[in-house]
Structure formats: structure tokens, C-alpha cells
Amino acid sequence: MPLSSSASICQALLYPRSIALVGVSDDVNKTGGRPLQFMRRSGFAGTIYPINPNRTQVQGEKAWPSLAALPEVPEHVFVLSPTDSVVPTVQECADLGVKLVTILASGFSESGAEGVAREDALRAIARQSGMRILGPSSLGVVNPGNGLMLTANAAFAEPDMPKGNVFVASHSGSMIGALVSRGKARGVGFAGLVSVGSEVDLSVGEICAATLDDPVIQGYVLFLESLRHGDAIQAFAREAAKRGKPVVAYKLGRSSAAAEMAATHTGALAGEDDIADAFLKDLGVVRVEMLETLFEVFPLARKIPLVPKTGKRVGVVTTTGGGAAMVVDQLGIRDVTVQPVSAETLARLQAANIPGSAGRVLDLTLAGTKYEVMKKALDILLEAPEFDMVVAVVGSSARFNPDLAVKPIIDSAHHAKPLLAMLVPDAPQALAQLTQAQIPCFRSPEACADAIASVLARRIPGTPATVRASAGQGQALNEAQAYALLDTLQVPHAPAATFDIASPPAALPFDYPVVAKVCSAQIPHKTEVGGVVLGIENAQQLAHAFATLRANLAERAPGIACDQVLVQPMRRGLTEVLVGYRVDADAGPIIMLAAGGIWAEVMRDRSIRLAPVSVATAREMIGEVKMLQTVCGLRGKPRGDLEALAQAIANLSQLALRPELRVSEAEVNPLMVMPEGRGVMAVDALIMQY
């Protein structure tokens, strides 16, 4: 079986039969002494070879002087020795035929040129030998199921780590320990945890993909600092979605500044985290905002499968009005609306003699602390057609009478419709009972709302792109060439004609008024050099415009070749939008729709998806851009041709499936939205080819 196969990676990573610890310390209080101590304490059944050339014994066990002195080739080697010794040790492992090496040391690409050279050497060893490398800067691998505590993370000194069915892959080594301790406090266990470090070889996506066939693993947590190796994450997430294994991600970087502007506005408007957000949601990943939610969201993610048209209507029943109000508020700020009880459902509640008041929420007051009252109310709400899920908010009784408070919820859990619980007081016993019953339960209204909004925000993965990120930005097309490419994609644009800049035409193939623009691939942003003249009414004004353009070029762009002028008829739509396409280095091709014109960078009113998108997805994007609500026919206002806009977005996004066109960026800004039935029209376009 090749070492690159998923089965062999999973075996060497989580189920190794033999392990060598290079540079293991005799001092259990030191980082290098922890893995041996942890694995002996946890009862790891495989063979462990301590390697220390300076000692004959380590922690009371025989120590071997070198890897070459071992009676067998270990399957997995954990290199605990200093940075300077790492590359020679890894080369020795490759020469011996070791399958997997984990590297604890730092001091690689993050430390300057010398570190970059070390990292390059590691890549070369992996590539030439087929041996896989985890790290550098990896705190190791943990599998609670077989006692594999191959980690230097001090948090694993804690005994009795609970087992579970969730696998964790983290860029941060310290976080695997933090997740275990937090999970243990909530009765949540794990099937495995991996600190991926710098991903010089094995990455988050490839590691997780290698474990998909493991029957113990039923879901994944990703702690991400970036989208490094985004193609591997994408391949894994798509396959996990097919298998119904939920993936939850907590990604850092929400507050980072927008990505540096590339050739187009799209680079500035689609900030790094905006792209990451679209990337994860479009792959069916549940991206949570709160660390707390990581431990509470899985039962809900399993209860709500990744299927089309997942309902978003939430019903709330409570014994405490204040607690319910907190949930409603937190859902509201996440654009999830709580659905009021319908007249028909209210009649059923009244017929069943259910006390309380029904407004935005069904408040049972203290009467809801009685089993029969809450149970009848839940039965009716779970059958009510106006709700897609129901949240039961429980007050003080959850702490003081946990058996009574949660029993009606547990007894209602068999219903196909999701039922969630949010406990207002600190009620660990009630939470434990709900967790045992696999009912989604939450300690805070923020985590409850975060879980609901995050699960509902994920989307079924669409068609994977065939275009891959290219090196460098490439060269711009001139505007006339850009329109020719738009014709290939069937994206409508205004009529255009090009003329020699020195010879204004006596006649045009379209009527005045017109606009005249310099047409040069070397001038992507024409207004910056005075390269646009608007409102030209006749041939005399056109000749004057050509002269103005020549003068402006001579003054503001000396030495830049430009011998053409593009002329177009002036057009006005109901509104203007920006449609941008870009191949992101990590996420791959994306498509963006934003408010156009002067509002593009002021309002940052936009929607982003992985490209390509269908017309149906483009309609969803249109619904997310607030400015476009002004042309939806509200209050008698004219309707724009939003169906034509959706088609244009989908058509431009097909660049993701056209590698032969070599487009790294494409932006139509503005794209005019005409009245309904009259289509859309590009009146400027910038396209970069690599």
C-alpha cells in the first residue's frame, strides 16, 4: 500500500504499532519527557522505543542510542530534539523506511531565511522518499481509543480523558489541550486530536480526509488560523458532506483588515475573512463564532442534515420570559427570526388547556415547570407546520429540579423536527442528562443562537472548480478585449467601437450621447489618468474629447502606449452593481456581487460564493445585497431585471470551469441593472490573464 494512501496515513497517524521518541528526556517535567510518560500512563499497547544517545535508560526504561540501533523500523517517529538536529534525523528516518515523522521543534519558515531552507529540505525529503511529515511545530497526535498520547502538550497529563466520536485537527498545538479540558468539563470526548503545525507536508485537509473511513469518527472540528492548502480542505469537506459527517470550524481572523487590493476592487471588497467565510459555508462546514459552540453544536448539526431548503423558522417555548428574550435577541442579530405561534396552533394549545401567553414566544410561565404542561406544549409545537425547529428555554427549575425540568424535553426527542434546549441557570446535571439523550443543549443564549445560525448558514457544496490558483497576477486585457471575453461567457455589455486615438470618426454605429475612454491594457484604471470623457453629444464634441484624452495621457501617463479610444453609447439603468471574479490563492475561484458605483467600497454591501455558481445560487446572492432591495418592486418602485442579473452572475462564474481562458481576475463594474425584461448591461470591464 503506498504511503500516500489514506489508509496508510490513518494507520501511521492514529494506530501505529511501533513508535520511536527521538530526543526523549528522562525528566517528565520537561517537554521532551512528556510523551513517554503520557503513553505509559494511558496504556498504549504498541511498542515504544526511547532514543537518547546520552543515556542507557530513560524514565526507567531501556534507551536506544539511535534509530539505526533499533530491532525494527518504527512506524511513527516523534522528533523531540532541537531544531538543528531535525533535518538530519528526518533524513535518517527516510533512509530507514519510516512511514511518518512528527516534528515538535519550531525555527523553520517563521524564523527567517535559514528556517526557510530547513523547511525546503524537509519538503524535499518527503517528496523524494514518500515518507510523510507532520509539523514542524506540532505538539503531536492523540487517540484516546488506543491510549496514543503522542504529545508534548501538558494538558494531557490529566487522567481519564473521555472517548468520543469527534476528530480534531488544529493549526494551534495548545488548542488541542484546551479543547480536551473544555470538552471533558462538558462530558464531550474525542476520537482523535492532531496538532498540524506548519503543514510542511501533511495538512489539515489531507489528515482529515485520511480518517474519513474510520468508523469511530463521526464528525470533525477544525481550528484554523488560515486556509493554507485550501484545495485539500475543500476536497475533504466535500467528501465529508457526501458521507453525512458534520464538519465544524472555528477560524481566527475575523477582525483582520481586508485583503490587499489586487488589480480590481474585488480584492479589496472581498477581504480575507469574507472569502474564508464563503469558502467554509459553501463546503457545508458549520463555521461557529464562539469557542463554546464547538462543544455544543454537533447534536444539532447531526439533527439537521445538509439538504436543500433547510427550514429556518424557529419556535421558542419557555418558562422564563427573560431567558427567552435573550435567545430571541441573539437569533435576531444573526438574521434568524423567531416565528410566532399561528392562530391554528394557538387554538390547539387552548384546547389542550395549556396556560400562558403566545406572542413572539410561547411563555408558559411557572406552569411550564409541570411535566404535563411542558410535554403537551412541546407535542403541539413540534407538530406545528410554522416551525422548522423548536427551542425550549428552561429557567431555575433546571438547576433545582433537573429531573423534572428536562424530562419532558427528553421524552419529546424522538420527533423528527429538531428540539433544542437552552438552560438559563448553571445546571450541570440537567445539561448532562440532555447531552446523554443527544439533545442539542446550551449554557448561554449566545451559544444557542450561534449554533442555530451557523448550522443553517452552511450550504450544499456545488460544482467544484477546475481552475487552480496561478502564480502572479498576470496581465490586463484592454477593454475591447475584455468585452470579447464577456461575449464568450454570454455576459451582456453595451455596444462599443474602437478608433485610432489620432483620428476621431466622422460617424458612429450608434447614437449620441456617448462616452470616450482610452483603451490600453497598460491602463486598467482609466479615471486615474483622465482617460474618460462623458456626455459627448455630437461629432465636434467627440473630436474635442479625443484631443482631451491625448493631452491627459501626455501629462499623466507619459511613456505608456495607448493608440486606441473606445466609444460607447451612454446608458442608464435602475441601479449599478459590481460583479467580480477572482482566483484566491487558498480558496480558489470566487464570485462576488456588490453594490456598484460610488457605493462599492463605502457600503461594503456584498455577497460572496465559491465559483462556479448556479442561477439559483446567484438569486440567493442578489437577496443578500441590501442595495438591490431598492429594485425589487417595493412600495410601487420599478423592478429591475434581477433574473437577468442572476444569469450574468452565473455566466461570469463559469470562468472557474474554463482554465483555457487563463483568467485570474475579472470585474464588471458597473453592471447596469435595467428595468424588468430589459436585461443587464456591462459598461466597463477589467480582466486579468495569467
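Here, the structure is the one placed above.
Each chain has its residues counted from 1, running along the sequence as written. Given that the model is predicted, a residue must reach a pLDDT of at least 70 before its local features are reported, and side-chain atom pairs must reach 80 or more before they are shown or counted; all residues, however, enter totals for whole chains, interfaces and linings. For side-chain calculations, the full set of non-hydrogen atoms in the structure is used, while hydrogens and water are omitted.

J.: Residues and numbers for helix α3 (residues 86–96), please.
T.: If you check which residues of α3 are buried, you get V86, T89, V90, C93 and A94. In a view along the axis of α3, the buried residues occupy a sector of 140 degrees, so they form one face of it. Exposed residues pointing more than 90 degrees away from the buried face of α3 are listed as P88 and D95. Helix numbers and strand numbers start at the N terminus; a helix is a DSSP run of H or I with at least 4 residues, a strand a run of E with at least 2. After α3 finishes, the residue G97 shows a positive phi value of roughly 95 degrees. Exposure categories follow from relative accessible area, calculated using a 1.4 Å probe and restricted to protein chains: below 20% of the type maximum is buried, above 50% is exposed, and the middle band is partly exposed. Relevant arc is that of directions from the helix axis to the C-beta atoms, nothing else.

J.: So, the environment of F236: which residues are in play, and what are the values?
T.: As for its position among the elements, F236 is in helix α7 (residues 230–243). Of the residues examined, F236 reaches a relative accessible area of 1% and is grouped as buried. A C-alpha to C-alpha distance of 17 Å links F236 and G192, two positions 44 residues apart in sequence. If we skip the residues at most four places from it in the chain, F236 touches G205, C208, A209, L212, Y220, L222 and V247. Any pair of residues with heavy atoms lying within 4.5 Å of one another is described as a contacting pair.

J.: I'd like a rundown of the sheet that holds strand β22 (residues 497–500), residues and numbers included.
T.: The criterion for strand pairing is that DSSP finds at least two bridges linking the strands in question. Reading across the sheet, the four strands line up as β22-β25-β23-β24 and stay open at both edges, with antiparallel pairing between neighbours. The sheet terminates laterally at β22 and β24 (532–536), the two strands that pair on one side only. Within the sheet, the average angular offset between the axes of one strand and its neighbour, ignoring direction, is 25 degrees. Here strand β23 (residues 514–518) runs beside strand β25 (residues 564–569); their pairing, made up of five bridges, is antiparallel. Across the sheet, residue V515 finds its bridge partner in β25, namely Q568. Each axis is a line fitted through C-alpha atoms, taken for helices only over the stretch in contact, and angles between the N-to-C directions span 0 to 180 degrees.

J.: I'd like a rundown of the sheet that holds strand β5 (residues 76–79), residues and numbers included.
T.: Spatial ordering of the open sheet is given by β2-β1-β5-β6-β7, a layout of five strands whose pairing is parallel. Either end of the sheet is taken by a strand with one partner, and the two such strands are β2 (47–51) and β7 (132–134). Recorded for the sheet is a direction-independent mean angle of 20 degrees between the axes of neighbouring strands.

J.: So, the nonpolar core: which residues are in play, and what are the values?
T.: To form a nonpolar core, buried Ala, Val, Leu, Ile, Met, Phe, Trp, Tyr and Cys residues must be joined to one another through side-chain atoms within 4.5 Å. Counting 108 residues, the largest nonpolar core has L21, M39, F167, L179, L222, L294 and I452 as its most contacted members. With eight residues, helix α17 (residues 445–457) is the single largest residue contributor to this core. Contacts of M39, omitting those with residues within four sequence positions, involve I19, L21, F44, I48, G147, L148, M149 and L150. In this structure, V491, V577, V615 and A656 belong to the second largest nonpolar core, which totals 47 residues.

J.: Provide a residue-level description of unusual backbone geometry, including the pertinent values.
T.: Cis peptide bonds are those with omega within 30 degrees of zero, and the linkage from Y512 to P513 qualifies with 0 degrees. Assignment of secondary structure puts P513 in the loop between β22 and β23. With an omega of 5 degrees, the peptide bond between A611 and P612 qualifies as cis. For P612, the location among the structural elements is in the loop between β28 (606–610) and α21 (615–624). Positive phi values are uncommon outside glycine, yet Q490 reaches one of about 60 degrees.

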